[in-house]
Amino acid sequence: MPTVTSADGTTIAYHRAGAGPAIVFLPGAFNDSGTCAALAEQLADRYTVVRPDRRGRGDSTDALAPADSGRYDVRREIEDLDAVIAEIGGSAAVFGFSSGGILALRAAAAGSRITRLALYEPPFALGGLADHTPQRLPERLADLIARGERGAAVELMQLEGIGLPPAVVEQVKRSPIRPQLEAIAQTVVYDAAICRPPNLPTEQMARLDIETVVISSPESWPGVRSAAEALPARLARARYAEVPGGADHGIPAEATAKLLDAFLGADLTR
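Remember, predicted model here, so these are calculated numbers, not experimental data. (Residues numbered from 1 in each chain as written. Predicted model: local features only at pLDDT ≥ 70, side-chain atom pairs only at ≥ 80, totals over all residues. Heavy atoms only, no water.)

Draft legend 1. The packing of helix H4 (residues 137-146) against helix H5 (residues 150-162), seen in detail. Packing of H4 against H5 leaves a shortest axis separation of 8 Å and a crossing angle of 165°. Relative to H5, the element H4 is oriented roughly antiparallel. Note that H4 runs across H5; the crossing there is right-handed. Of H5, the residues touching H4 (which contributes Leu137, Arg140, Leu141, Leu144 and Ile145) are Arg150, Ala152, Ala153, Leu156, Met157, Glu160 and Gly161. Of the residues assigned to the contact of H4 with H5, the class counts are eight nonpolar, one polar and three charged. (Axes fitted to C-alpha atoms, helices over the stretch in contact; angles between N-to-C directions. Helix = DSSP H or I, 4+ residues; strand = E, 2+ residues; numbered from the N terminus. Parallel < 35°, antiparallel > 145°, perpendicular 65-115°, else oblique. Left-handed = near helix turned anticlockwise from the far one by under 90°. Contact = heavy atoms within 4.5 Å. Nonpolar A, V, L, I, M, F, W, Y, C, P; charged D, E, K, R; others polar.)

Structure (structure tokens):
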């Protein structure tokens, strides 16, 4: 995998494929560069598709030691994205999934060279998520990580950050993927910080002059779907679109690729 060095010395690894206008994929909590692989593959014959491992995941490093995860600043991940965009040509469209969508909006508001935004079910505290505001979650997660209680941090994020039912959390605890989740447990501090209350679009986001599509699926969790439906009204140049087949907050690759191609293709390839 190629890599790029971010402003604080963190190494960001990324997958790159295809040719044409660039799209960078930012995944959410408990995700790595593989999360959007199927979607990127659908677009690689027409676009340069770039899937970074966000810091602390996959082949990327992390400048923060576990004991220091509470010092996380979202500006570091914006710098990570900026380093990747600079390396691949200087500007790019960005597809943000879940909390990665909120990160993408934060980056755009901070001035990152983003040409267009596609946000798949970003979990703002809107619609059915309006009352989903766990208190001091980043601090509580950081305390668990500092004490080496990675499994407890995984479960706390699943229960309070994501809102999974306790029975599902217990099933995941006994599943083969549990060690993988614990390996990147430090990064849930980061996603919790990105979604820190009040977790609403900022004034800078609302004024963005960037064409944006907010995507959801009728088959997804009702809370994240209704939050996605409510978001475009908070942004200057956003619209809502649905894709079929996105059960349980998943990304239906083929349907989403078709939507992205329609949204991005005409203007990006002029």
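Draft legend 2. Just H5, in detail. Within H5, the full set of buried residues consists of Gly151, Ala153, Val154, Leu156, Met157 and Gln158. Against the buried residues of H5 lie H4, helix H6 (166-173), helix H7 (178-183) and helix H8 (186-194). (Buried < 20%, exposed > 50% of the residue type's maximum accessible area, 1.4 Å probe, protein only.)

Draft legend 3. Expanded view of the environment of Glu219. Within the secondary structure, Glu219 is located in the loop between strand E7 (212-216) and helix H10 (222-230). You can call Glu219 partly exposed: its relative accessible area is 41%. Taking the C-alpha atoms as reference points, Glu219 and Val243, separated by 24 residues in sequence, lie 9.1 Å from one another. Once you skip the residues sitting within four places of it in the chain, Glu219 turns out to touch Val243, Pro244, Gly245, Gly246, Ala247 and Asp248.

Draft legend 4. Geometry of the environment of Arg196. With respect to the helices and strands, the residue Arg196 is situated in the loop between H8 and helix H9 (203-206). Taking the C-alpha atoms as reference, Arg196 lies 27 Å from Tyr14; in sequence the two are 182 residues apart.

Draft legend 5. Here's a closer look at the nonpolar core. With 59 residues, the main nonpolar core has Val24, Leu105, Ile114, Leu117, Leu141 and Met157 as its most contacted residues. Ranked by the residues each element gives to this core, the list is headed by helix H2 (residues 74-88), at seven residues. In this view, Leu105 contacts Leu117, Leu119, Phe124, Met205, Leu208 and Leu235; residues no more than four positions away in its chain are not counted. Within the second largest apolar cluster, 22 residues are counted, among which are Ala93, Ala118, Val243 and Leu259. (Core = buried A, V, L, I, M, F, W, Y, C linked by side-chain atoms within 4.5 Å.)

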